[in-house]
Amino acid sequence: MKTRNAPAVLVSGLGLMLMLSGLAPLSAQEALVGGVHGTAAAGKEQYRRYCLGCHGQAGDGNGENAQWIEPKPRDFTTATFKCRSTPTGTLPTDDDLYHSVTRGFVNTNMPPWAPLTRQTRVDLVAYIKSFSTRWKTQGAGTPIAVPAETPATMESILHGRELFQKMECWKCHGPAGHGDGPSASALLDSKDNPIRPYNFSTGSRFKCGETNADIYRIFMTGVDGTPMPSFADNLQPEEAWDLVHFLRTLQPLQTPEATAWHAWLPAHEGELKPIGPDQGGQ
Amino acid sequence: MRTKHVASLTLVVIAASTMGAVPAPEDRAGTISGTVTFTGTPPKMRPIDMAKEPSCAAQHATPVMTENVVTGPGNSVQNVVVYISAGAPPAPAPAEVAHYDQKGCEYIPHILALQAGQPLEIGNSDKTSHNIHPLATVNSEWNKSTPPGSPPIKATWDKPEFIAVKCNVHPWMHGYFAVLPTAHYAVTGNDGTFSLKGLPPGKYTVTAWHEKFGTQSQEITVAGGDVPKVDFVFKALPY
């Protein structure tokens, strides 16, 4: 480092310290994840190497690979993101974007970028934010409160089943969660590309995670840019956990919920009202 | 003494006549009105099959028709949003709540015109759930479920934009929020007419927007009182 740059280095170092201590706000060209500070300038070169082929030079999802892949790569210029901890219609946090980049999107061409260093991934988050001016005008939304999970009792699972019926999840996801509900075949995402609802019977991870808390966030924040709405206005937090527990029973996984359900089912199957139409006024 | 009385009386008379000569603000405000029509052949509207939602199908004695081109007598065009796009000072957002309803698996009204910043409430009068999914690009896109019996969803749109609205559960449902920068707007009825009142004298740009036919604008000068009719003619194609 040349001495004449020393004052600049000192100032930016001070700025960095202020930022990390939470005293100075981050600009839209920066990201902060777990104490690691990223910049769009550093992310740009990494984007060129790893992301541009699908997401495009302009970040609009029109990279040269895009024409051959399904679903299409994210268009960062609209600042609409599927996986958030923030309410529908609001921007994700830097952490949300970092997790998406790290985890990748299962059942798509977006791989997990965990092999890249943490610094690289945080720089990429900062660069992704530079594609839309919304980051300057709005800023990230406030993450929703996820209360402590309630116990996964049979009562909880059965109430969750009632919610699955009442909230009409089955209309897209199908009565058994196979993604074959009456509305499933006509679903289009917000760019008018065909899209299918999650099929619980595959047991695959979700695009936005794999834990119970991830499921909670998925239907309480909605999957923006897709037909999946937010149910935050319609479900109380305790009820939301009941729905999470029921959804686990639809997957062929050895979860506590599924195990309890399949142990209970043989003796009680006849008591259950079938999920679907012809239920109380539908 | 008499002169003084005459003088003061004259003053009173002059004052009275001067006051009478100053017009009230309403007299000076002009109205731009007109009709929107089409030439050519518009596409035929088609009946919507609501068999997948029996509770909605049951609400319509005859099938509902698609609504993207609704015409009336004399080749009039319905559902055209006509508004002042330039020349009017920015309007503060009104406090009056605009209402949008999901009823019979349709959006009522098909096009809701409202101002940027105006409070909006979206209700569900049906027995089935809908999700309300405004496909905003200038404003933020969001997507919320509205189960039957739930309280109306409250929303506001910050920026002017024509926002397409859909329900993913019922793919035949289409509507629009016409979020406008001005308080001077109208949506044409079946006779295609519109009337924009209360415009102070000045030069204005009047814009007509139709979801299929597109946008047209005209520049009009309001000099005070009514102005000649301003008509819009859209070219219609059968597809």
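Residues numbered from 1 in each chain as written. Chains lettered and ligands numbered in written order. Predicted model: local features only at pLDDT ≥ 70, side-chain atom pairs only at ≥ 80, totals over all residues.

K.L.:
Got a minute to help me understand the overall build of chain A in this structure?
P.N.:
Along its length, chain A carries eleven helices and two strands. Secondary structure elements of chain A, listed N to C terminal, follow the sequence α-β-β-α-α-α-α-α-α-α-α-α-α. When burial is assessed residue by residue, chain A has 40% of its 282 residues classed as buried. For chain A, restricting intrachain contacts to residue pairs at least 6 apart in sequence, the fraction spanning at least 24 positions comes to 59%. (Helix = DSSP H or I, 4+ residues; strand = E, 2+ residues; numbered from the N terminus. Buried ≥ 20, exposed ≤ 12 C-beta atoms within 10 Å, placed from the backbone. Contact = placed C-beta atoms within 7 Å.)

K.L.:
Sorry, what's going on with the sheet that holds strand 12 (residues 161-166) of chain B here?
P.N.:
Residue and element names in this part refer to chain B. Pairing in this open sheet of five strands is mixed, and the strands run 7-13-12-9-10 from one edge to the other. Only two strands of the sheet have a single neighbouring strand rather than two, namely strand 7 (111-115) and strand 10 (144-146). Sheet twist, expressed as the average angle between the axes of neighbouring strands with direction ignored, equals 25°. Bridge count between strand 9 (residues 130-135) and strand 10: three bridges; the pairing is antiparallel. Residue pairing for strand 10: I132 is matched across the bridge by K144. (Pairing = 2+ DSSP bridges. Axes fitted to C-alpha atoms, helices over the stretch in contact; angles between N-to-C directions.)

K.L.:
Looking at this model, I keep getting lost on the nonpolar core. Mind explaining?
P.N.:
In summary, soluble globular proteins display a tendency toward joint burial of nonpolar side chains. Among the nonpolar cores identified, the biggest contains 47 residues, and V80, V81, V82, L112, A113, F177 and A178 of chain B are the most heavily contacted of them. A per-element tally of this core places strand 13 (residues 174-180) of chain B first, with five residues. Look past the residues within four positions of V82 of chain B in its chain and what remains in contact with it is Y185, A186, T188, F194, L196, V206 and A208 of chain B. Of all hydrophobic cores here, the second largest spans 30 residues; its members include I157, C169, F206 and V244 of chain A. (Core = buried A, V, L, I, M, F, W, Y, C linked by C-beta atoms within 7 Å.)

K.L.:
Sorry, what's going on with the interface of chain B and chain A here?
P.N.:
Many descriptions give the size of an interface as the accessible area lost when the pieces come together. Contacts between the two partners involve 21 residues from chain B and, on the opposite side, 26 residues from chain A. At the level of secondary structure, the elements contributing two or more residues to the side of chain B that touches chain A comprise strand 9 and strand 10 of chain B. Here the side of chain B that touches chain A gets three residues from one element, more than from any other, and that element is strand 9 of chain B. Of the residues that constitute the side of chain B that touches chain A, the class distribution is six nonpolar, eleven polar and four charged. (Nonpolar A, V, L, I, M, F, W, Y, C, P; charged D, E, K, R; others polar.)

K.L.:
How should the sheet that holds strand 5 (residues 98-103) of chain B be read in this particular structure?
P.N.:
Within a sheet, neighbouring strands are paired by backbone hydrogen bonds and run either parallel or antiparallel to one another. All names here are of chain B. Strand order in this open sheet of four strands is 6-5-8-11, and the pairing throughout is mixed. Edge positions in the sheet fall to strand 6 (106-108) and strand 11 (153-156), since each has one partner strand and no second. Taken pair by pair, the neighbouring strands of this sheet meet at an average axis angle of 25°, ignoring direction. Sheet topology note: the strand 8 (residues 119-124)/strand 11 ladder contains four bridges and is antiparallel.

K.L.:
What am I meant to see in the domain arrangement of chain A here?
P.N.:
Residues and elements named next belong to chain A. Domains assigned within chain A are domain 1 (26-137) and domain 2 (154-271). On a C-alpha basis, the centres of domain 1 and domain 2 stand 27 Å from each other. Contacts between the two partners involve 14 residues from domain 1 and, on the opposite side, 17 residues from domain 2. (Domains from an automatic or database assignment.)

K.L.:
What is the right way to look at the packing of helix 2 (residues 40-50) of chain A against helix 5 (residues 118-129) of chain A in this model?
P.N.:
In a packed pair of helices, the relevant descriptors are the angle between the two axes and the axis-to-axis distance. All names here are of chain A. It is the contact of helix 2 with helix 5, at a shortest axis distance of 7 Å, that shows an interaxial angle of 100°. Viewed along their axes, helix 2 and helix 5 adopt a mutual orientation that is roughly perpendicular. Here helix 2 contributes A40, A42, G43, K44, Q46 and Y47 to the contact with helix 5, which in turn contributes T120, D123, L124, A126 and Y127. In terms of residue class, the contact of helix 2 with helix 5 is made up of six nonpolar, three polar and two charged. (Parallel < 35°, antiparallel > 145°, perpendicular 65-115°, else oblique.)

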